[in-house]
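For reference, the chains in residue letters:
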Amino acid sequence: MTKISRVAAATLAFALALALSADGVLAQSSSGEDRLGWFYTAEITGVWTAGNSESTTLGFASGLRRVWPRSQIKFAGGAIRTESGLATRFAEGSVDDFTVQKETDREKTAESYYFRGRYDYQLSKRFYTFAGGDWLRNTFAGIDSRTLLAAGAGNTWITDDRTSFTTDYGLTYTFQQDVVENPFLSTNFPGLRAAYDFWRQLTSSTEFQSTLVVDLNLDNTDDVRFDLLNELPISISSKLAFKPSLQLLWRNQPSLTQVDLFDSSGTPTGEKVRVPLEKLDSFFKAALVVKL
């Protein structure tokens, strides 16, 4: 068994041991109604490749929630990191007698961290208020640190045995530090936020969850961003689930990066210029979820 296979097997065995030893219950019953108390989930994501190419992707996410009769508080955090290895081969010796050498240069190619918290209070069956905040670091998207505070209200439109759907809307204030400063934009600004949260029980063991958050910068209304997350949790047991997910992060005015400047003949000038990064980032993950 290779080193990579041993790491993957150890990760899976650890998650299975956690699941089998847990005494907790699901944070959400099959009817879609919350039970009271504390609930915790942990997700482990890993991808390893070796041989002609090498890469390692590790991800971890967790969520903690406390539910009361008319309110709840939620915390969530996570990280994902990818390292890739570029192999360079060369030969030493003569044409008739040589040995092949291999050197691998490893570099970080993706990294993202986040933490968020939120408090909801149910004023009536269909209306609630909320307050919360979140922090993000995604240097490959040009964000060294972004802290956002939000407060607002929302509506519960559907809540039954198989479906729930809520929307909320609020005011925000953002404090952002970019990897490369944009001299034309303010890094601290007020904003507006709208969001939905949709849940559907597809089968006895499969759910579909979708959330969308849209933020508008009131200092610069051309600066719009959204965060769309679609998940398909598949229960393996009461303690363990397999969850593929797709997240799309889009910003109309992305952060900047610096690139080397060449002249028309292709000769480096020694100068750097600021250019915008891509507007869309996408993350597809397949995670093992432990529910306590």
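Draft legend 1. Local environment of the environment of Pro69. Within the secondary structure, Pro69 sits in the loop between strand S2 (54–67) and strand S3 (71–93). Each C-alpha atom, one on Pro69 and one on Tyr121, is 9.6 Å from the other, the two residues being 52 residues apart in sequence.

Draft legend 2. Expanded view of a negative patch on the surface. Taken together, the side chains of Glu92, Glu103, Asp105 and Glu107 present a region of like negative charge at the surface. Counting residues per element, the negative patch draws most heavily on strand S4 (residues 98–122), at 3 residues. One can find Glu107 in strand S4. Under the relative-accessibility criterion, Glu107 is labelled exposed at 53%.

Draft legend 3. Summary view of the packing of aromatic side chains. According to the stated counting rule, one finds 6 aromatic pairs in the structure shown. Through a chain of ring-to-ring contacts, three or more aromatic side chains come together here, namely Phe165, Tyr196, Phe198 and Phe208. Between the NZ or CZ atom of Arg118 and the centre of the ring of Phe130, over which it lies, the distance is 4.1 Å.

Draft legend 4. The arrangement of the pattern of salt bridges in detail. Counting across every chain of the model gives 12 salt bridges. Measuring nitrogen to oxygen at the nearest pair gives 2.3 Å for the salt bridge that ties Lys243 to Glu43. Here Lys243 is found in strand S12 (residues 240–251), whereas its partner Glu43 is found in strand S1 (residues 37–49), with 200 residues between them in sequence. Of the two residues examined, Lys243 and Glu43, each falls in the buried class. Where Glu111 meets Arg81, a salt bridge forms, and the shortest distance between an N and an O atom there is 3.2 Å. Of this pair, Glu111 sits in strand S4 while Arg81 sits in strand S3, and the two are 30 residues apart along the sequence. Of the residues examined, Glu111 reaches a relative accessible area of 11% and is grouped as buried. On the basis of relative accessible area, Arg81 is assigned to the partly exposed category, the value being 34%.

Draft legend 5. Quick peek at empty space enclosed by the protein. Taken as a whole and assessed by the stated rule, the structure comprises 1 cavity of 30 Å³ or more. Roughly 110 Å³ of internal volume is contained in the largest cavity. If you go around the largest cavity, you meet 14 residues; those closest to its centre are Gln176, Asp178, Asn182, Leu185 and Arg251. Along the lines of polarity and charge, the residues of the lining of the largest cavity split into 4 nonpolar, 7 polar and 3 charged.

Draft legend 6. The pairing of strand S7 (residues 163–178), seen in detail. As judged from the 15 bridges shared by strand S6 (residues 143–159) and S7, these two strands associate in the antiparallel manner. Among the inter-strand pairings, Ile158 is bridged to a residue of S7, identified as Phe165. Hairpin connection between S6 and S7: a loop of 3 residues separates the two successive antiparallel strands. Sheet topology note: the S7/strand S8 (residues 188–201) ladder contains 13 bridges and is antiparallel. Residue pairing across strands places Leu171 opposite Leu192, the latter belonging to S8.

Draft legend 7. View of the side chain of Asp168. On the secondary structure map, Asp168 appears in strand S7. Looking at Asp168, its side chain comes within polar contact range of the side chain of Tyr128, at 3.3 Å. If we ignore the near neighbours within four places in the chain, the residues touching Asp168 are Arg118, Tyr128, Phe130, Ala153, Gly154, Arg193, Ala194 and Ala195.

Draft legend 8. Representation of a nonpolar patch on the surface. Together, Trp68, Tyr119, Tyr121, Leu123 and Phe127 make up a nonpolar patch on the protein surface, roughly 430 Å² of accessible area in all. Judged by relative accessible area, Phe127 falls into the partly exposed class, the value being 31%.

Draft legend 9. Up close: the pairing of strand S9 (residues 207–217). Bridge count for S8 against S9 is 11 bridges, and the pairing is antiparallel. Looking at S9, one finds that Arg200 is bridged to Phe208. Between S8 and S9, which pair antiparallel one after the other, the connecting turn spans 5 residues. The pairing of S9 with strand S10 (residues 224–231) spans 8 bridges and is antiparallel.

Cut-offs used in this document
Residues numbered from 1 in each chain as written. Predicted model: local features only at pLDDT ≥ 70, side-chain atom pairs only at ≥ 80, totals over all residues. Heavy atoms only, no water. Helix = DSSP H or I, 4+ residues; strand = E, 2+ residues; numbered from the N terminus. Patch = residues over 30% accessible without salt bridge, like charges linked within 9 Å, V, L, I, M, F, W, Y side chains within 5 Å. Areas by Shrake-Rupley, 256 points an atom, 1.4 Å probe, with all protein chains shown as cover. Salt bridge = Lys/Arg side-chain N within 4 Å of Asp/Glu carboxyl O. Lys, Arg positive; Asp, Glu negative; His and termini not counted. Charge placed at Lys NZ, Arg CZ, Asp CG, Glu CD. Buried < 20%, exposed > 50% of the residue type's maximum accessible area, 1.4 Å probe, protein only. Phe/Tyr/Trp six-rings, centres within 6.5 Å; stacked < 30°, edge-to-face > 60°. Lys NZ or Arg CZ within 6 Å of the ring centre and 35° of its normal. 1 Å grid on protein atoms, 1.4 Å probe; cavity = no way out; pocket = protein on both sides within 12 Å on 5 of 7 lines; lining within 4 Å. Points joined across faces, edges and corners; volume = space filled by probe spheres on them. Nonpolar A, V, L, I, M, F, W, Y, C, P; charged D, E, K, R; others polar. Pairing = 2+ DSSP bridges. Polar contact = N/O pair within 3.5 Å; in protein donor to acceptor, adjacent residues only side chain to side chain. Contact = heavy atoms within 4.5 Å.

Nothing here speaks to function; it is geometry throughout.
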